[in-house]
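# Observations on chain architecture
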Amino acid sequence: MSAMSETTQQITGRFAPSPSGRMHLGNAFSSLVAWASARSTGGRMVLRIEDLDPRTKDPELARQIIDDLAWLGLDWDEGPIRQSDRGEVYLEALERLKGLGLTYPCFCTRAELHAASAPHASDGVYIYQGTCRGLGEEQIAKRLETRPAATRLKVPEPADALGAIDFDDLGWGPQHEVLARDCGDFLVRRSDGVIAYQLAVVVDDCLMGVNQVVRGRDLLSSSARQIYIAHLLGFTPPTYGHVPLLVAPDGRRLAKRDRDCDLGALREAGETPEKIIGRLAEPLGLAERGEPVSAQEFVERFSWDAVRSHRDDIVIARA
Ligand code: GLU
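What you see is a predicted model, and the numbers here were worked out from it, not measured in a lab. (Residues numbered from 1 in each chain as written. Predicted model: local features only at pLDDT ≥ 70, side-chain atom pairs only at ≥ 80, totals over all residues. Heavy atoms only, no water.)

### Quick look at the environment of His242
Relative to the assigned elements, His242 resides in strand S10 (residues 239–243). On the basis of relative accessible area, His242 is assigned to the buried category, the value being 0%. In sequence terms His242 and Arg311 are 69 residues apart; their C-alpha atoms lie 9.8 Å from each other. Discounting residues that sit within four places of it in the chain, His242 has contacts with Asp169, Gly171, Trp172, Arg215, Gly216, Arg217, Leu219, Leu220, Ser223, Trp304 and Val307. Within the structure, His242 has its side chain in polar contact with the side chain of Arg215 (distance 2.9 Å). A polar side-chain atom of His242 sits 3.5 Å from a polar atom in the side chain of Ser223. (Helix = DSSP H or I, 4+ residues; strand = E, 2+ residues; numbered from the N terminus. Buried < 20%, exposed > 50% of the residue type's maximum accessible area, 1.4 Å probe, protein only. Contact = heavy atoms within 4.5 Å. Polar contact = N/O pair within 3.5 Å; in protein donor to acceptor, adjacent residues only side chain to side chain.)

### Let's talk about the site of the ligand
Surveying the vicinity of the ligand reveals the residues Arg14, Ala16, Pro17, Ser18, Glu50, Tyr197, Val201, Arg215 and Leu219. Here Ala16 contributes a backbone N or O atom positioned 2.7 Å from a nitrogen atom of the ligand. Measuring from a nitrogen atom of the ligand, one finds a side-chain N or O atom of Glu50 at 2.6 Å. Relative to its unbound accessible area of 290 Å², the ligand is 79% covered by the protein chains. Grouping the constituent residues of the shell around the ligand by class yields five nonpolar, one polar and three charged. (Near = heavy atom within 4 Å. Areas by Shrake-Rupley, 256 points an atom, 1.4 Å probe, with all protein chains shown as cover. Nonpolar A, V, L, I, M, F, W, Y, C, P; charged D, E, K, R; others polar.)

### Considering the packing of helix H2 (residues 25–39) against helix H11 (residues 273–281)
Two numbers describe a pair of packed helices, the interaxial angle and the distance between the axes. Across the interface, H2 lies against H11 with an axial gap of 10 Å and an inter-helix angle of 80°. With respect to H11, the axis of H2 lies roughly perpendicular. Contacts between H2 and H11 pair Leu25, Ala28, Phe29 and Leu32 from the former with Ile276, Ile277, Arg279 and Leu280 from the latter. Looking at the contact of H2 with H11, its residues break down into seven nonpolar, no polar and one charged. (Axes fitted to C-alpha atoms, helices over the stretch in contact; angles between N-to-C directions. Parallel < 35°, antiparallel > 145°, perpendicular 65-115°, else oblique.)

The following block contains the structure:
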């Protein structure tokens, strides 16, 4: 191998699907870019099934997602690893955060949170006002008699070392987030005992050696929280690359309930992987209109410049 590959860190990317429904074109797009970004530099891929939420526990859905990824021509070197098998690892990380004195029990209900929160930050994230931050031992014990608590992580004061998080996103460029202003203290464990996505994803990415996280733009605003957790746990955060979202012609974001854009329906309708990848490559200028493109061809044509050239949502015409 060349001297360059000896000095450049090998990329390890990941697929991290939540089996809450069949994969749709938007999920296929971010999976394709994550894979091409790693593979185009000879990097590795990990497949992790994010099934901590009880609504994602259906093994058949996980099986379909794995099958859809392989059908598209994407592959991985490690996994599938299921988050539902890793409860202990997350609890250990939660204990470490507690040991830092940075967590507290929160009893706010969803309705209370929305009523008390400041105008929404980007992407529908509410800004927690610290309602439960100052509860004393006695108040906590009394409330625990009537309802279970969630666990929140304190964010630093804006002027503190981690108060402002700066990072350079591969798709969206330089980002600057002040956690206290942009999200406030956030959940690391839900009141039903489920470890929150923000904590599980950091623990997994960092312990699995993932150093490049590629995903939809809807998760851009989560990255600062994840970088913060990574620092608290003593990990080096990965590089992030967010990709545009796919929307229907009316501007609505594709959701798992849009059956006609899910891989099951597309496969049944006789679409081929090459036709689907061609449709996803075209808005990035990586394919002609209607041109079939294989996964391998997509890797050969791929560049982050192409992704950056298309920052708007991608309007996907129904097949
Ligand atoms: N599991 C998440 C999803 O399917 C993705 C999480 C991530 O990429 O960080 O939407």
